[in-house]
Amino acid sequence: MPENIYKRFCARPVERQGALFCCGVDFHRWRYGFESLPPAVADKTATISEENSGEGDLFSPAVYYRFPKDLKRKKVFPMSIIIGIDHGYYAIKAAHCSFPAGLTSYGEHEPYTRQGLLEFGGCFFVCGSGRQPIQRDKTVNDNYYLLTLAAIAKEIRQRGLPPECSVRIAAGLPLTSFGRDKPKFKDYLLRSNQPVNFKFEGVEYSITIEEVAVFPQGYAALMTEVGLLQDEPSMLLMDLGGWTVDLMRIDNAIPAADTAHSLELGMIRCVDDIREQVRRETGLSLTDAQIENMLAGQPCTVSDTVRDIVNRQGRKYTEHLLSATMEAGFDLHAIPAVLLGGGASVVSRHLSPKDGLCKTIFLLDDKVNAVGFERALAAVSRRKSEV
């Protein structure tokens, strides 16, 4: 095993019994014991790559790692893992999954489907069905807590982790309401009854939520693209969410908090306006999914007339957004803009050279905030451990 990886993860032999070689490997969040290691690992010359050690950045403490399949796992001692969750109005996003923020309650009666089915407290809920009404305060009911449990279950399954484990949630809030809502949102997600027992899509989970950390949306996402903060002295961050577009200027890699601004021009407004325009001109009623597919340039069986209306409205939305941003005091002709969130892909397809923007950088993965939250909490944890 390479010396740098050996030192980082503290690989060390713990015992030798005849032909059996056992090795303990300490990762940041999981400790593995393996038996019957091949000679390459025993003499510390084996290499670890993304292909044979799991998903994502090798040195991220938020990711679950595996050795090659020919190693037999002897013991696994669970430790806490970091799961970043972006609680959007339009969708719930984690590092490896994204689903609509809709929630349907079926009470004590089991519904017809197991897809997205959450069983908690003796009641049944289907997560990801459509979208729920806008809640300016996400803590007024249990909807976002239940969606959080669904997101945790999906992430655990995606990472190949056991359904009994400890979790540290990394979440986010817009900078405009960050100081006001942070304590309440932390208490909302971190409840006293631990572990949290629930069933999701037929699998029983027992999750201990050890910690909830809250970070500024948008800015945390820039941790996934560190070079952006080093290339420009000033830039505008535009987080295009479901209900709001959050704006903030960044000077010399430091957020200018007094420039934080929020516009109610998110993708929900865009989709609703398109649906109404199509109905007005053609009499047809499109679904959200149809509109989203056309806005993203994906296949959808509709007439050219309808597609033209959708594209025209997408351009109109983009123009309105740029105008509102300029009116809020941000000169897009003078400073670069970083656009992220679900609406970034729409704007990227409907910008025109005649807009005359200084420079636009798009982070098109809608899960980028969740990944940023994870990295932010991992960095905080490392700093604490070094003190």
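Residues numbered from 1 in each chain as written. Predicted model: local features only at pLDDT ≥ 70, side-chain atom pairs only at ≥ 80, totals over all residues. Heavy atoms only, no water.

**Q** Looking at this structure, I do not really get the overall build of the protein chain. What am I missing?
**A** For the protein chain, the count of helices and strands is 11 helices and 19 strands. With 387 residues in all, the protein chain has 49% of them scored as buried. Within the protein chain, contacts between residues separated by at least 24 positions form 63% of all contacts whose residues are at least 6 apart in sequence. Roughly 18300 Å² of accessible area belongs to the protein chain as shown, and the carbon and sulfur atoms make up 50% of that amount. (Helix = DSSP H or I, 4+ residues; strand = E, 2+ residues; numbered from the N terminus. Buried < 20%, exposed > 50% of the residue type's maximum accessible area, 1.4 Å probe, protein only. Contact = heavy atoms within 4.5 Å. Areas by Shrake-Rupley, 256 points an atom, 1.4 Å probe, with all protein chains shown as cover.)

**Q** Sorry, what's going on with the side chain of E374 here?
**A** One can find E374 in helix α11 (residues 368–386). Among the residues examined, E374 registers a relative accessible area of 5% and is labelled buried. From its side chain, E374 meets the backbone nitrogen of G84 in a polar contact 3.0 Å long. (Polar contact = N/O pair within 3.5 Å; in protein donor to acceptor, adjacent residues only side chain to side chain.)

**Q** Please explain the pattern of salt bridges as it appears in this structure.
**A** For the structure on display, the rule yields 21 salt bridges. Measuring nitrogen to oxygen at the nearest pair gives 3.6 Å for the salt bridge that ties R280 to E276. With R280 and E276 both in helix α7 (residues 267–282) and 4 residues apart, this pair spans about one turn of that helix. When the shortest N-O distance is used, the salt bridge between R312 and E281 registers 2.6 Å. Pair noted here: R312 is in helix α9 (residues 304–327) and E281 is in helix α7, with a separation of 31 residues, a long-range link. Assessed through its relative accessible area of 42%, R312 is described here as partly exposed. (Salt bridge = Lys/Arg side-chain N within 4 Å of Asp/Glu carboxyl O.)

**Q** Explanation requested: the confidence of the model for the protein chain in the structure shown.
**A** As a note on interpretation, predicted positions should not be read in detail where pLDDT is low. Confidence in the prediction for the protein chain averages 81 pLDDT; 79% of positions are at 70 or higher. Residue range residues 1–78 is modelled with pLDDT below 50. Its contacts to residues more than four positions away, or to other chains, number 143 contacts. (pLDDT = per-residue confidence, 0-100.)

**Q** What is the right way to read helix α5 (residues 178–189) from this model?
**A** An α-helical segment advances 3.6 residues per turn. Residues three or four places apart therefore align on the same side. For α5, with 12 residues, the first-to-last C-alpha span of 15 Å sits near the 16 Å given by 1.5 Å per residue. Listed in full, the buried residues belonging to α5 are F178, D181, F185, Y188 and L189. Angular distribution of buried residues about the axis of α5 spans 95°; they occupy a single face of the element. What points out from α5, more than 90 degrees from its buried face, is the exposed set G179 and D187. (Expected span 1.5 Å × (residues − 1). Arc of directions from axis to C-beta.)

**Q** Honestly, the pairing of strand β15 (residues 245–251) in this entry has me stumped. Any pointers?
**A** Along any regular strand, the residues point their side chains to alternate faces of the sheet. Most of β15 is tucked away: 5 of the 7 residues are buried. Here 7 bridges tie strand β14 (residues 234–240) to β15, and the two strands are oriented antiparallel to one another. Bridge pairing in β15 links D239 to D246. Between β14 and the antiparallel strand that follows it, β15, lie 4 residues. Two strands pair when backbone bridges link them, and β15 and strand β16 (residues 254–255) are joined in this way by 2 bridges, in the antiparallel orientation. Looking at the pairing, I250 lines up with P255 of β16. Between β15 and β16, which pair antiparallel one after the other, the connecting turn spans 2 residues, and N252 there sits at a positive phi close to 50°. (Pairing = 2+ DSSP bridges.)

**Q** Would you take a moment to explain the packing of aromatic side chains for this structure?
**A** The relation between two aromatic rings is expressed through the spacing of the ring centres and the mutual angle of the planes. Taken as a whole and judged by the stated rule, the model has 4 aromatic pairs. Summarising the aromatic geometry, the rings of F198 and Y205 are spaced 5.3 Å apart at their centres and angled 15° between planes, so their arrangement reads as stacked. Comparing F198 with Y205, the two get one shared label, buried. Cluster of aromatic residues (ring-pair linked, three or more members): F120, Y145, F185 and Y188. Seen from the ring of W243, R269 lies directly overhead, with NZ or CZ sitting 5.7 Å from the centre. (Phe/Tyr/Trp six-rings, centres within 6.5 Å; stacked < 30°, edge-to-face > 60°. Lys NZ or Arg CZ within 6 Å of the ring centre and 35° of its normal.)

**Q** Sorry, what's going on with the sheet that holds strand β8 (residues 103–107) here?
**A** Hydrogen bonding along the main chain pairs the strands of a sheet, whether they run parallel or antiparallel. Ordered in space as β7-β6-β5-β11-β13-β12-β9-β10-β8, the 9 strands form an open sheet in which the pairing is mixed. This sheet does not close on itself; its edge strands, each paired only once, are β7 (98–100) and β8. Taken pair by pair, the neighbouring strands of this sheet meet at an average axis angle of 30°, ignoring direction. In this structure, strand β11 (residues 164–173) lies alongside strand β13 (residues 203–216), joined through 10 bridges in parallel fashion. When the sheet's bridge partners are listed, C165 is paired in β13 with I207. The strands touched by helix α4 (residues 143–159) are β5 (81–87), β6 (91–94), β7, β8, β9 (117–120), β10 (123–127), β11, β12 (196–200) and β13; relative to β5, the strand with the most contacts, the crossing angle is about 135°. (Axes fitted to C-alpha atoms, helices over the stretch in contact; angles between N-to-C directions.)

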